[in-house]
Amino acid sequence: MAINNDPQPLSDVEVIKTKSRYLRGTIKESLADEVTGALYPDDLQLIKFHGTYMQWDRPSESERRKQKLEPLYSFMIRVRIPAGVLTPAQWLGLDELSSLYGSGTLKLTTRQAVELHGVRKRHLKKAIKGINDTLLDTLAACGDVNRNVMASANPHLSRVHAEAQQVAKAIHTHLSPKTSAYRELWLDVKPAGADHEPIYGETYLPRKFKIALAVPPVNDTDVFANDIGLIAIVEKNELVGFNVAVGGGMSCTFGMPETFARLGSVIGYVPRSQAVNVCEKILLVQRDHGNRSNRKQARVKYTVEKLTVAGFKAEVEKRLGAPLAPARDYKFKTNNDAYGWQQGEDGRWHITLFVEGGRVKDAPGYPLRTGLREIARAHQGSFIVTGNQNVIIAGVSEAAKPALQALLDEHGISAHQQVSGARGSGLACVAMPVCPLAFADGETYLPSLMDKLDPVLAELGLKDVPINIRMTGCPNGCARSPLGEIGFIGRAPGKYNLYLGASHSGDRLSTLYKEMLGEADILAHLRDVLSRFAKDRRQGESFGDFVHRAGIVKA
Ligand code: SRM
Ligand code: SF4
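The notes below deal with the structure included here.

So, how was this worked out
- Residues numbered from 1 in each chain as written.
- Chains lettered and ligands numbered in written order.
- Predicted model: local features only at pLDDT ≥ 70, side-chain atom pairs only at ≥ 80, totals over all residues.
- Heavy atoms only, no water.
- Buried < 20%, exposed > 50% of the residue type's maximum accessible area, 1.4 Å probe, protein only.
- Helix = DSSP H or I, 4+ residues; strand = E, 2+ residues; numbered from the N terminus.
- Arc of directions from axis to C-beta.
- Pairing = 2+ DSSP bridges.
- Right-handed = clockwise from strand over helix to strand, strands pointing away.
- Near = heavy atom within 4 Å.
- Nonpolar A, V, L, I, M, F, W, Y, C, P; charged D, E, K, R; others polar.
- Axes fitted to C-alpha atoms, helices over the stretch in contact; angles between N-to-C directions.
- Parallel < 35°, antiparallel > 145°, perpendicular 65-115°, else oblique.
- Contact = heavy atoms within 4.5 Å.
- Core = buried A, V, L, I, M, F, W, Y, C linked by side-chain atoms within 4.5 Å.

Listed as buried for helix α3 (residues 41–49) are Asp 43, Leu 46, Ile 47 and Phe 49. Along the axis of α3, the buried positions cluster into a sector of 130 degrees, meaning they face one direction only.

What follows is the structure, encoded as C-alpha cells:
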C-alpha cells in the first residue's frame, strides 16, 4: 500500500487506482457498451496506463450537443518506443494501423513516441492488438508510471550512443508495470497468477514519471525537463556513468503561482552499472513522498521542493545504501537535432529529417507519409524518432544511400528540408482540435506563423540561425515551451503569451515577455527583438543568450 504523507484525503484518481485491481477497473465492460462512443468516467483515468486517452472533436462539440448528440469521441493511442528506435517493419505496421483505424497520420512526439489519433472505441482493442503484433506496446505510455524512456538519438552514430540507448532500454524494462491487466484486456491472455507490482505497489505513483538520457554535447532529449535526467559521462570514448538530475518539469497552471516549470537539479554521479538502480531508488522516493492528495502538486519537482534538494538526495542515498559520488564535468551546446546525412563510427549513414510539428501525413504537393512508407519498404536499418519530433533513417549502407536519396527526392522530402534555422528548430504540441486541455492551436498554427516570420528572418540576415521556437496550446508544456528561446503558450484561441530567453542547450528557462498577443502583435514584437539581435549579436551568440545580455528579459 502506498504511503500518503499528506494529511489531506487521497485525490479521486488515487481512489480509482486503489479500487482498480491493478488497472482493470471496468474497462472491459466500458469497451463493450455500444450505447456510447465514450468509456465510463473512472476507466478514462485507467486507460491512460494502457497508453490511450479519450478525446473528442472540439470544433463540432457545441453543434452536436444542440442536436442532442454526444461529442464525436475518439481515442489517441500512444506507442511506447524506448529511445525512439523502430524497425522499418514496425514503422510500416504503425503506418498501416493509422489507415485502418486512425486518422491516416502519425504523430511523432516530443518523447520519441508515436501516436495514432482518431481511433473509435469499436476499433480500440484491434488497434492496440495490432500495435502489439508489431512487437511494440502501449503499456505505461501514459498514466502514473514511468513513461517512455528517452535517449539521445542516434544510437548507430557511435558506440557511446548505442550504449546509452541500451541503458534506456534496461530502465524501460525494469520500471515497466508488471500487471497482467494489459495482456488480459487487449490481447486476451489469461493471467497466470495473482498480480503483484514489486516496485510500484497497487496504487502506482502519485503522478506521471519521466526519464531521459542525453549524451553531451547534445541535449536533444532536454534532460532537465524530466523527473530524472541522466547525463552521460564519457571518458576515453567510454560511457563510464551518468550525472543524475532530479525534479525537472515544464508545466504550470495560469493563476496558480504554486505551480511552476522547474529544471532538474544535479544531485551526483553514478557509474553506468548503477543507472537502473538509481532510477528505481528515485522512483521509490517519489512513490513514498509524492503528494497523493493534490495532483497539481504531485510531480517529483514538488517533492524535491518539499524535501529540499539535499533532503531528496539523502532519501535516495538511504535507499541506495551509499552516498552518490560528486557530479562530473559536462557541457551541453545545443538541444537541436543535426539535420542531413551523418556517417557513424561503423561507416554507415544516417539522415535526420525535419518533420514539421512531428506530423507524418500526405499533404497536397508533399507526400511525406507515402515517401517514408516507401523508404521503410526498401530500408534495412532503423527508424529513430527524436525528442524534437523528427525522424532519423539510420544505418544506411554506402551502397543503399543513392536509392534512399532518390526516394527522398522523389517524394519532395529533400526539398522540404530547406527550411530556416528557426523553423527547423521548432516544436509544437498537438493542441486543437483534439487535445481537451488546449486553449489555442499548436502544431496546426506554428507552420503558418513561420510562413510570416521566415521573410522577417531572411530580411534580417537570420535565415540560417537556429533559434528554438516552441509552441504549446496551454501551459502544460508538452512541446517544452519554457525551454524555447522563443516560447509561445496558448491563452485563448489565437492568443499566446510570449516567452523569451531559454538557453540554446536546455539549461535555462525562458521568461515571460508579453501576454495575450494575437498574430500581428507577435510578429511586431518579434521583428523588434530579432532586429536588435541581428544588429548587436556577438559572434556565435544564441538568441536566448542575447536577449539576456541586451536586458530584454531577466532570468
Ligand atoms: Fe503532454 C497532457 C500530448 C509531452 C506535460 N499531453 C497531455 C495530453 C495527454 C492531454 C490530456 O491530458 O488529455 C496531450 C494529448 C494530446 C495528444 O493528442 O497527443 C499531451 N504530451 C503530449 C505530446 C503528444 C505532445 C506532442 O505534440 O509531442 C507529448 C507526448 C510525449 C510522449 O510520447 O510521452 C507530450 N507533456 C509532454 C511533455 C514534454 C516532455 O515530457 O518532454 C511535457 C512537459 C514535461 C513535463 O512532464 O513536465 C508534458 N502533458 C503534460 C502535462 C502537465 C503535467 C504536469 O506536471 O502538470 C499534461 C497534463 C496533465 O498531466 O495533467 C499533459
Ligand atoms: Fe494539449 Fe496543452 Fe499538452 Fe498542448 S501543451 S498537447 S494543449 S495538454
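So, next bit.
Moving on, we come to the pairing of strand β19 (residues 469–472). Along any regular strand, the residues point their side chains to alternate faces of the sheet. Side chains Ile 469 and Met 471 project from β19 onto one buried face, and the interleaved Arg 470 and Thr 472 project onto a second face that is buried too. The pairing of strand β18 (residues 426–428) with β19 spans 3 bridges and is classified as parallel. Each bridged residue has a counterpart across the sheet, and for Ala 428 the counterpart in β19 is Met 471. Between the parallel elements β18 and β19, the chain passes through helix α15 (residues 446–459) in a crossover that is left-handed.

Bringing the site of ligand 2 into the picture now. Every residue close to ligand 2 is listed here: Cys 429, Val 430, Ala 431, Cys 435, Leu 437, Ala 438, Thr 472, Gly 473, Cys 474, Asn 476, Gly 477 and Cys 478. Class assignment of the residues belonging to the shell around ligand 2 gives a composition of 8 nonpolar, 4 polar and no charged.

Our focus in this paragraph is the packing of helix α9 (residues 275–289) against helix α10 (residues 300–307). Between α9 and α10, the least distance of the axes is 10 Å, while the angle of their chain directions is 80 degrees. By the angle between their axes, α9 is roughly perpendicular relative to α10. Only Val 300, Thr 303, Lys 306 and Leu 307 of α10 make contact with α9, whose side of the interface consists of Val 285, Gln 286 and His 289. Classifying every residue of the contact of α9 with α10 gives 3 nonpolar, 3 polar and 1 charged.

Membership of the largest hydrophobic core comes to 100 residues, with the highest contact counts inside it found for Trp 91, Leu 213 and Leu 372. Looking at which element gives the most residues to this core, the answer is α9, with 7 residues. With near-sequence residues (within four places) excluded, Trp 91 lies in contact with Leu 86, Leu 106, Leu 108, Val 360, Leu 372, Arg 373, Ala 376, Phe 383 and Val 391. Core analysis: the second largest hydrophobic core is formed by 32 residues, Ala 428, Leu 446, Leu 453 and Tyr 496 among them.

With an omega of 25 degrees, the peptide bond running from Ala 153 to Asn 154 counts as cis. For Asn 154, the position within the fold is in the loop between β6 (150–151) and α7 (159–174). Positive phi values are uncommon outside glycine, yet Leu 23 reaches one of about 75 degrees. Looking at where Leu 23 falls in the secondary structure, it is placed in the loop between α1 (12–19) and α2 (27–32). Within the chain, Asn 237 stands out as a residue other than glycine whose phi angle is a positive 65 degrees. Within the secondary structure, Asn 237 sits in the loop between β8 (228–235) and β9 (238–246).

Everything listed here is a matter of geometry and, on its own, says nothing about what the molecule does.
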